[in-house]
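Residue strings, one per chain:
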Amino acid sequence: MTPTEQEIERLEAKAQAIRETILEMLIEAGSGHTAGPLGLADIFAAFYFHILAHDPKNPGWDGRDRLVLSNGHIVPVRYAAMAHAGYFPLEECKTLRKFGSRLQGHPERTRLPGLETTSGPLGEGLSQAAAMAYGLRMDGKNNRIYCIMGDGEQDEGEVWEAVMWAGKQRLGNLTAVIDRNNIQIDGMTEDVMPLESLRAKYEAFNWHVLEVNGNDIRAFIETVDEAKAIYEKPTLVIAHTIPGKGVTEIEFDYRWHGAPPGGGPEDVWPKKEQGREMLKELRSLRGRLPHEYA
Amino acid sequence: MLNPEAHLCDQLFADDIERAPTRDGFGTGTVEAGTTDSNVLVLCADLSESTRAEWFEKEFPERFIEVGIGEQNMAALGSGFAAVGKVPFIASYAAFNPGRNYEQIRTTIALNRANVKVCGMHAGVSVGPDGATHQMLEDLGLMRMLPGMMVIAPGDAVEAKKAVIAAARYEGPVYLRFGRAATPVFTTTETPFTIGAALPLRDAATPQAALLSTGSLSYAALEAAKLLADEGVETSVLHVPTIKPLDTAAILAAATKAGRAVTVEEHQIAGGFGSAVAEVLSIERPLPLLRLGIKDEFGQSGAPDELLAHYGLSASGIAESVRAFVRA
């Protein structure tokens, strides 16, 4: 169902709040990935506040849809979205990557309810999501399974083992999303290890492939709806996103893939000013507001 | 004397003792576990005949999952199935499972505490002619190091079946090790099997060494003890199918009584069963210890018995090492 204009505005506000929380978490943690989580804030707002059937007060609810995060390094965006959705207090976000925290640097299912699996080492999420889809289908359940992967992650061989297997099993209840932001740690994906044509590759493995602007919440929701209508195949959504989205100076810059505010390249701001400047840009809506909103 | 409570087979030292590969116990065990629990699944990576996964496939075709030659995917699929309440047994040769997919097992099964049973087939040099690439000798070490991973190397096909059924009932990750060669079935359906419990096979009033063994070599250890007894060297034999958690009480009791211990395994002596025993003894009760197994080398092609003899793991090879050890 096409979301109303009002609903889209609500989701965009959620995405903005998620971005702020991500920056605050990373500034506090002093380490972690910046570009990917910012780029995915719109998609996570769409999932947690519109697409998923879930219950933050009962994370183990049988009827829930499963959201498997394969590229675990971008987990700050998931933690931020979960906190805003009510899985745990927003305050707890400040514990990211700290000793004793449930918010581990890479997500661990056994520590925090609602994570579905443990991830970080790349290439493993799609296999798990595919098995969940198969297992739930065996039991006649209608839950949907989503798996978010990175584009650089497609370098991993296991991804293609899983793509082949999910295609073989015609898992119509499985939707994978690739965050196509074109960067990975060592540079642009097409320089490090060319991936294109991703569409042709997945189609050749018996998947249905859709492409969308991953920073357009309405378009993303409509695309995921379209994927639900494909019964005979798993669907891949190639979501084109802008890494670092929301902070103009770092957008598209692969050097911010694995760096936190305060640890990134210094050609725009010195390290000690990075956190403050990035939050300022976000809170003034890229300078369109004369003052940061509180 | 033999331990009557072990209920070992009547034909124990007969030439025509029944022989069967431990992998047969995987086949029969999964069928029985699958009969009592409809959540039991078997996943296989293009080796359904030789792993005996096809026995399960025949009974429960809808719960047999063929994944093709992709052991990394198979391990993480196992994790995903466990996440929706299934009890997956993932089977391939130990060289690939856990050899190829160690990190998938580490992250998606062990760290994730997924209820997956990792089944390594064709372990050890007794695979025979296939040679070193397929003779997994490091799997016990790899799996033993993972926090929360239970590790079991059954002694024969009958015990293997019991181990599979027990693993299905246990909630948590388990590694089970099986062999290809037909080996003596020295236990019976009456023989007790409990996860984590060692089984005394033979004792003596004043043993000069305690033979501690795991996997199908426990039979060779028992034969070695008989050979040694015939020449007046008394030893005890403790069969230790569960390597983790280790039955430290039974190991300490046997080793303390004899004053010296010998470990026997079809695995590298570094990292595996012998190392596990050495860790316990060195802390709890330091005493002379001899570790028999593969000594920092790869295997090679040959007939199973020929290879075991070459590496000093036949009954006579074990007896010879023990003889020298107790006289030292």
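Starting from 1, residues in each chain are numbered consecutively following that chain's sequence as written. Whichever chain is written first is A, and whichever ligand is written first is 1; the rest continue in order. The model is predicted, so local features are restricted to residues of pLDDT at least 70 and side-chain atom pairs to those at 80 or more, both for listing and for counting; the totals for chains, interfaces and linings are taken over all residues.

**Brief notes about the overall build of chain B**
Each helix and strand in chain B was counted, giving 12 helices and 14 strands. Only C-alpha atoms enter the radius of gyration, while the globule expectation follows 2.2 Å times N to the 0.38, with N the number of residues. The C-alpha radius of gyration of chain B comes to 19 Å, within 12% of the 20 Å expected for a compact globule of 328 residues. Looking at chain B as a whole, 59% of its 328 residues are labelled buried. Residues are treated as contacting if the C-beta atoms built from their backbones sit within 7 Å of each other. Long-range contacts, defined as pairs at least 24 residues apart, comprise 79% of the intrachain contacts of chain B with a sequence gap of at least 6. Helix and strand definitions follow DSSP, with helices as H or I runs of at least four residues and strands as E runs of at least two, each counted in order from the N terminus. Think of it as a crowd count around each C-beta: if 20 or more other C-beta atoms lie within 10 Å the residue is buried, if 12 or fewer it is exposed, and in between it is partly exposed, with C-beta placed from the backbone throughout.

**So, the interface of chain B and chain A**
Every contact between the two is made by 20 residues of chain B and, on the other side, 21 residues of chain A. Those elements that place two or more of their residues in the side of chain B that touches chain A are helix 4 (71-83) and helix 5 (102-111) of chain B. When grouped by side-chain class, the residues that make up the side of chain B that touches chain A number 7 nonpolar, 10 polar and 3 charged. Note on residue classes: Ala, Val, Leu, Ile, Met, Phe, Trp, Tyr, Cys and Pro are nonpolar, Asp, Glu, Lys and Arg are charged, and everything else, Gly too, is polar.

**Some words on the domain arrangement of chain B**
Residue and element names in this part refer to chain B. For every domain, the bounds stem from an assignment made automatically or drawn from a database. Per the domain assignment, the segments making up chain B are domain 1 (4-8 + 192-327) and domain 2 (19-183). For domain 1 versus domain 2, the separation of C-alpha centres amounts to 25 Å. In this complex, domain 1 contributes 30 residues to the contact, which on the side of domain 2 involves 31 residues. Sorting the residues of the side of domain 1 that touches domain 2 by element identifies helix 8 (217-230), strand 12 (242-244), strand 13 (261-268), helix 10 (273-284) and helix 11 (304-310) as the ones contributing at least two each.

**Section: the pairing of strand 6 (residues 208-213) of chain A**
All names here are of chain A. Relative to strand 7 (residues 235-240), strand 6 runs parallel, the two sharing 6 bridges. Within strand 7, the position partnered with Glu211 by the bridge is Ile238. Between strand 6 and its parallel partner strand 7, the chain crosses via helix 9 (residues 217-228), and the hand of that crossover is right-handed. Two strands pair if DSSP finds at least two bridges between them. Whether a crossover is right-handed comes down to one check: with the strands pointing away from the viewer, does the path from the first strand over the helix to the second run clockwise; if it does, it is right-handed.

**Thoughts on the packing of helix 8 of chain B against helix 12 (residues 315-327) of chain B**
Residues and elements named next belong to chain B. It is at 8 Å that the axes of helix 8 and helix 12 come closest, and there the two elements cross at 55°. Taken together, the axes of helix 8 and helix 12 lie oblique to each other. As for the relative orientation of helix 8 and helix 12, their crossing is right-handed in sense. Two secondary-structure elements touch here, helix 8 through Ala220, Ala221, Glu223, Ala224, Leu227 and Leu228 and helix 12 through Ala315, Ser316, Ile318, Ala319, Val322 and Arg323. For the contact of helix 8 with helix 12, the residue count by class is 9 nonpolar, 1 polar and 2 charged. Helix axes are fitted to C-alpha atoms over the stretch in contact, other axes to C-alpha atoms as well, and angles between N-to-C directions run from 0 to 180 degrees. The labels follow the angle: roughly parallel below 35 degrees, roughly antiparallel above 145, roughly perpendicular from 65 to 115, and oblique for the rest. Note on convention: the crossing is left-handed when the near helix lies turned anticlockwise from the far helix by less than a right angle, right-handed when the turn is clockwise.

**Considerations on the sheet that holds strand 12 of chain B**
Residues and elements named next belong to chain B. On the basis of which strands lie adjacent, the open sheet formed by 7 strands has the order 3-2-4-5-7-6-12 and mixed pairing. The open sheet has two edge strands with one neighbour each: strand 3 (64-66) and strand 12. Across the sheet, the mean angle from the axis of one strand to that of its neighbour is 20°, orientation sign disregarded. Relative to strand 12, strand 6 (residues 150-152) runs antiparallel, the two being bridged by 2 bridges. Bridge pairing in strand 12 links Ile152 to Thr242.

**Comments concerning unusual backbone geometry**
In this structure, Ser197(A) follows Glu196(A) across a cis peptide bond, with omega equal to 5°. Inspection of the secondary structure assignment puts Ser197(A) in the loop between helix 7 (189-192) and helix 8 (198-204). Cis peptide bonds are those with omega within 30 degrees of zero, and the linkage from Lys244(B) to Pro245(B) qualifies with 0°. Phi at Arg170(A) is positive, roughly 50°, even though this residue is not glycine. Along the chain, Arg170(A) turns up in the loop between helix 6 (157-168) and strand 3 (174-180). Accessibility expressed as a C-beta count within 10 Å gives 16 for Arg170(A), which makes it partly exposed.

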